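Residue strings, one per chain:
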Amino acid sequence: MSNQDLIRVGILGAKGRMGQWVSNLIKSEFNNVSQLRAEIDQGDPLLRLLDTDVIIDFSLPQAAEALINLALEQSNLLPVFVLGSTGWNQKGLMLVEQLAKKTLVLQSSNFSVGINVMLEFLRKTAPLLKKLGYTPVIKEEHHIQKRDAPSGTAISLQRAINPEHPESVQTHSVRAGQVIGDHSVRFYSNADVFELAHYAQDRSLFARGAIESALWLVRQRQAKQRSVGLVKLEDYFQSLVAEVQ
Ligand SMILES: NC(=O)c1ccc[n+]([C@@H]2O[C@H](COP(=O)([O-])OP(=O)(O)OC[C@H]3O[C@@H](n4cnc5c(N)ncnc54)[C@H](OP(=O)(O)O)[C@@H]3O)[C@@H](O)[C@H]2O)c1
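Residues numbered from 1 in each chain as written. Predicted model: local features only at pLDDT ≥ 70, side-chain atom pairs only at ≥ 80, totals over all residues. Heavy atoms only, no water.

## Examining the pairing of strand 8 (residues 182-188)
And then number 1: For strand 8, a buried count of 5 out of 7 residues is recorded, marking the element as mostly surrounded by other parts of the structure.
And then number 2: Bridge count between strand 6 (residues 135-142) and strand 8: 7 bridges; the pairing is antiparallel. In the sheet register, Val 137 faces strand 8, and the bridge partner there is Arg 186.
And then number 3: Bridge count between strand 8 and strand 9 (residues 193-199): 7 bridges; the pairing is antiparallel. (Buried < 20%, exposed > 50% of the residue type's maximum accessible area, 1.4 Å probe, protein only. Helix = DSSP H or I, 4+ residues; strand = E, 2+ residues; numbered from the N terminus. Pairing = 2+ DSSP bridges.)

Printed below as a string of structure tokens:
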């Protein structure tokens, strides 16, 4: 593959815990298909990110919003956006929807396979478990530096369990030590308790998922499969399922 064919990647939040993983992996494992063109942190010019094929964001919603506002002012072709920051408010989410009218946007609170399998399972089984009288309880644990609570993943779990009233699902947050990200959902009846759980062991898990889905999305656009819209991470995982069948 010539240099010209390499997918140009930009990172927002490049020096952060997640951004460093994305940067290292692009330079080591993904350097045969992609190259880093912009590594942006607080104080750096955001405009440089727009001269790429895909932007991977692991910063803060406020930082991503500033970038989206800048992108919405542009008239030329925008990069694909992969948004990994968590803690978005309604206004920010509306901005993401506006962005998705101009380019492809994939937003996920958790890029790990394990959590996405859990979400899929919960979407399918939660209505039945509710009918059978089970009470779901979510517990999430993270390191003390994490700013948002409940975690974006816990909110995704709430939505998978109860799409109409997600906030009604009991959710407990723990902020302690250096926990990368543990999530569990327990289902309680009068006669038993069972649990689904995921324990992140290494942040490369999320970085790899973000990079792989980002490259997949750029290829989708290159193949003219689609050029705008909000894309779900489930679509990416479905494409993998289709590959192995
Ligand atoms: N979706 C997932 O799978 C997943 C997984 C893990 C984490 N996350 C989320 O990803 C985000 C980042 O997590 P992290 O642990 O990497 O946090 P972090 O270590 O605090 O890194 C955040 C980075 O963003 C930068 N930043 C802050 N404000 C900025 C601005 N206005 N403009 C440009 N850059 C700015 C920070 O720079 P300074 O240090 O200079 O402020 C820092 O480099 C969080 O929202 C977290 O919840 C998502």
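Having seen the model, we can carry on.
## Focus on the site of the ligand
And then number 1: Taken together, 22 residues lie near the ligand, and Met 18, Asp 41, Gln 42, Thr 86 and Lys 146 sit nearest.
And then number 2: Measuring from an oxygen atom of the ligand, one finds a side-chain N or O atom of Asp 41 at 2.5 Å.
And then number 3: In the model, an oxygen atom of the ligand is placed 2.8 Å from a nitrogen or oxygen of the Lys 146 side chain.
And then number 4: Coverage of the ligand by the protein chains reaches 78% of its 920 Å² of free accessible surface.
And then number 5: Taken together, the residues of the shell around the ligand break down into 7 nonpolar, 10 polar and 5 charged. (Near = heavy atom within 4 Å. Polar contact = N/O pair within 3.5 Å; in protein donor to acceptor, adjacent residues only side chain to side chain. Areas by Shrake-Rupley, 256 points an atom, 1.4 Å probe, with all protein chains shown as cover. Nonpolar A, V, L, I, M, F, W, Y, C, P; charged D, E, K, R; others polar.)

## A few points about helix 1 (residues 17-28)
One full turn of an α-helix is made of 3.6 residues, so residues set three or four places apart face in the same direction.
And then number 1: Helix length check: helix 1 (12 residues) gives 17 Å between terminal C-alpha atoms against 16 Å at 1.5 Å per residue, within 8%.
And then number 2: Those residues of helix 1 not exposed but buried are Met 18, Gly 19, Val 22, Ser 23, Leu 25 and Ile 26.
And then number 3: Lining the buried residues of helix 1 we find strand 1 (7-12), strand 2 (34-40), strand 3 (54-57) and helix 6 (204-222). (Expected span 1.5 Å × (residues − 1). Contact = heavy atoms within 4.5 Å.)

## Focus on the packing of aromatic side chains
And then number 1: Within the structure shown, the criterion is met by 5 aromatic pairs.
And then number 2: Residues Phe 58 and Phe 111 carry aromatic rings whose centres are separated by 6.0 Å and whose planes lie at 70° to one another, so their mutual orientation is edge-to-face. With Phe 58 in the loop between strand 3 and helix 2 (61-72) and Phe 111 in the loop between strand 5 (104-107) and helix 4 (113-131), this residue pair connects regions lying 53 residues apart in the sequence. Both residues of the pair, Phe 58 and Phe 111, belong to the buried class.
And then number 3: An aromatic cluster is present here, built from Tyr 134, Phe 187 and Phe 194 joined pairwise through their rings. (Phe/Tyr/Trp six-rings, centres within 6.5 Å; stacked < 30°, edge-to-face > 60°.)

## Some points on the sheet that holds strand 1
The pairing of strands in a sheet happens through backbone hydrogen bonds and is either parallel or antiparallel.
And then number 1: Taken in spatial order, the 6 strands of this open sheet run 2-1-3-4-5-10, and their pairing is parallel. The open sheet has two edge strands with one neighbour each: strand 2 and strand 10 (229-231). Mean inter-strand twist for the sheet, computed between neighbouring axes without regard to direction, equals 20°.
And then number 2: Note: strand 5 against strand 10, 3 bridges, orientation parallel. Its bridge partner lying in strand 10, Leu 106 is registered against Val 231.
And then number 3: Contacts from helix 1 reach strand 1, strand 2 and strand 3, with the element oriented near 155° to strand 2. (Axes fitted to C-alpha atoms, helices over the stretch in contact; angles between N-to-C directions.)

## Here we look at the environment of Leu 93
And then number 1: Take Leu 93: it is sitting in helix 3 (residues 90-99).
And then number 2: Using a relative accessible area of 24% as the deciding quantity, one classes Leu 93 as partly exposed.
And then number 3: Between the alpha carbons of Leu 93 and Ser 151 there is a distance of 16 Å; along the sequence they are 58 residues apart.
And then number 4: In this structure Leu 93 touches Trp 88 and Gln 107, once residues within four positions along its chain are discounted.

## Section: the packing of helix 4 against helix 5 (residues 152-161)
And then number 1: Contact pair helix 4 / helix 5: the axes reach a minimum separation of 8 Å and the direction vectors enclose 25°. Put simply, helix 4 runs roughly parallel to helix 5. Where helix 4 abuts helix 5, its residues Ile 115, Met 118, Leu 119, Leu 122, Arg 123 and Ala 126 lie against Thr 153, Ser 156, Leu 157, Ala 160 and Ile 161.
And then number 2: When its residues are assigned to classes, the contact of helix 4 with helix 5 shows 8 nonpolar, 2 polar and 1 charged. (Parallel < 35°, antiparallel > 145°, perpendicular 65-115°, else oblique.)

## Things to note about the sheet that holds strand 8
And then number 1: Read from one edge to the other, the open sheet built from 4 strands follows the order 7-6-8-9, with strand pairing classed as mixed. Each edge of the open sheet carries a strand with a single partner, namely strand 7 (170-175) and strand 9. Ignoring strand direction, the axes of neighbouring strands in this sheet form an average angle of 15°.
And then number 2: Lying on the sheet, helix 5 is in contact with strand 6, strand 7 and strand 8; it crosses strand 6 at an angle near 165°.

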